[in-house]
Amino acid sequence: MKVILLSFLLSITLVSHAHARDITFGIVPQQSAITLANNWGPILKYVSQQSGYNLVFRTAKDIPEFEGRVLTGEYDVAYMNPYHYTVFHQKPGYQAFAKQKDKRIHGILVVKKDASISSLEALDGKRLAFPSPAAFAASVVPRAALKNQGINITPQYVSSHDSVYLNVARDFFIAGGGIERTFNNTDPEVSKQLRVLWKTPGYTPHAFAFHPDLDPQVANAIKAAFLSLNNSEKGQTLLGNISFKGIEPAQNEDWDDVRALNITLLQHLLSD
């Protein structure tokens, strides 16, 4: 009896220890840390309860710092932009497991609602605000499109999508880059002062990805928990808070449309 009891207690201890380590979930800082925590915190709590593993919210002060943390594998699970995924799948080897359901990501350029600007040509020679050099739809694609049309602008990087919208609303910049989801989620007092001047073509959206060293059992439980958000009223409400209609399984090849653009902005990170 003592042997059986000891074996039972040992099994309980092993299970407890297996679930004891926090699983860090890193989110690209397109918005302020407070906004991200408010929107994603309840989702991570739900996934933690469903999976049995404690997911802990993490982000960074700006996108370049986030890139550095992903490169060094600081996050067990990460939500990163499409271009980031194509880079960090190569090194350190993050593997996509999900993406926003029925979604193509579009970059946008916003201007003041009452501005007389009606075409991209009006931006020639101007300073424009962008979140960071490698923000895919909010920066890389719009800047490339402007360049291809012979429109010369001076980019200035202001750390987040929310900062872009606020800077344009306050007339510090004539225009700035973002994406539809963050624009729809930003402070209404800011967004009501702005309008979308132009929208990019659509691409595969942000990736939910696992670090290659994450235990497969843990990874499978977390993936199942994220996908289960689709199946309950509570889960749908939580997804609605981040403007998601749902989450669907994903695989590495889903981002081949982004790879086809041959973006090299972060190529130096792979050779270090």
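Please refer to the structure placed before this passage.
Residues numbered from 1 in each chain as written. Predicted model: local features only at pLDDT ≥ 70, side-chain atom pairs only at ≥ 80, totals over all residues. Heavy atoms only, no water.

Residue-level account of the packing of aromatic side chains, with values.
In this structure the tally under the stated criterion is 17 aromatic pairs. Centroid distance Trp40 to Tyr79: 5.0 Å. Interplanar angle 45°. Geometry classified as tilted. With Trp40 in helix α2 (residues 33–51) and Tyr79 in strand β3 (residues 77–80), this pair connects stretches of sequence that are 39 residues apart. Per residue, the accessibility class of Trp40 equals that of Tyr79, and both read buried. Considering the side-chain rings of Phe97 and Phe210, the 4.0 Å spacing of their centres and the 10° angle between planes classify their relative orientation as stacked. (Phe/Tyr/Trp six-rings, centres within 6.5 Å; stacked < 30°, edge-to-face > 60°. Helix = DSSP H or I, 4+ residues; strand = E, 2+ residues; numbered from the N terminus. Buried < 20%, exposed > 50% of the residue type's maximum accessible area, 1.4 Å probe, protein only.)

Describe the pattern of salt bridges, with residues and values.
The full count for this structure, using the stated rule, is 10 salt bridges. Close ionic contact of Lys112 with Asp171 constitutes a salt bridge, the shortest N to O distance being 3.2 Å. You can see Lys112 sitting in strand β5 (residues 107–112) and its partner Asp171 sitting in the loop between α6 (161–169) and β8 (175–179), a full 59 residues away along the chain. Here Lys112 falls in the buried class, since its relative accessible area comes to 14%. For Lys192, the salt bridge is made with Glu189, and the minimal N-O distance between the two is 3.2 Å. Judged by its relative accessible area of 48%, Lys192 is partly exposed. Taking relative accessible area as the criterion, Glu189 reaches 48% and is therefore assigned partly exposed. (Salt bridge = Lys/Arg side-chain N within 4 Å of Asp/Glu carboxyl O.)

Explain the environment of Val77 residue by residue, including any values.
With respect to the helices and strands, Val77 occurs in strand β3. Spatially, the C-alpha atoms of Val77 and Pro212 are 9.6 Å apart, while their sequence positions differ by 135 residues. Among all residues touching Val77, those that are not within four sequence positions of it are Ile23, Thr24, Phe25, Gly26, Phe97, Ala209, Phe210, Leu214 and Ile222. (Contact = heavy atoms within 4.5 Å.)

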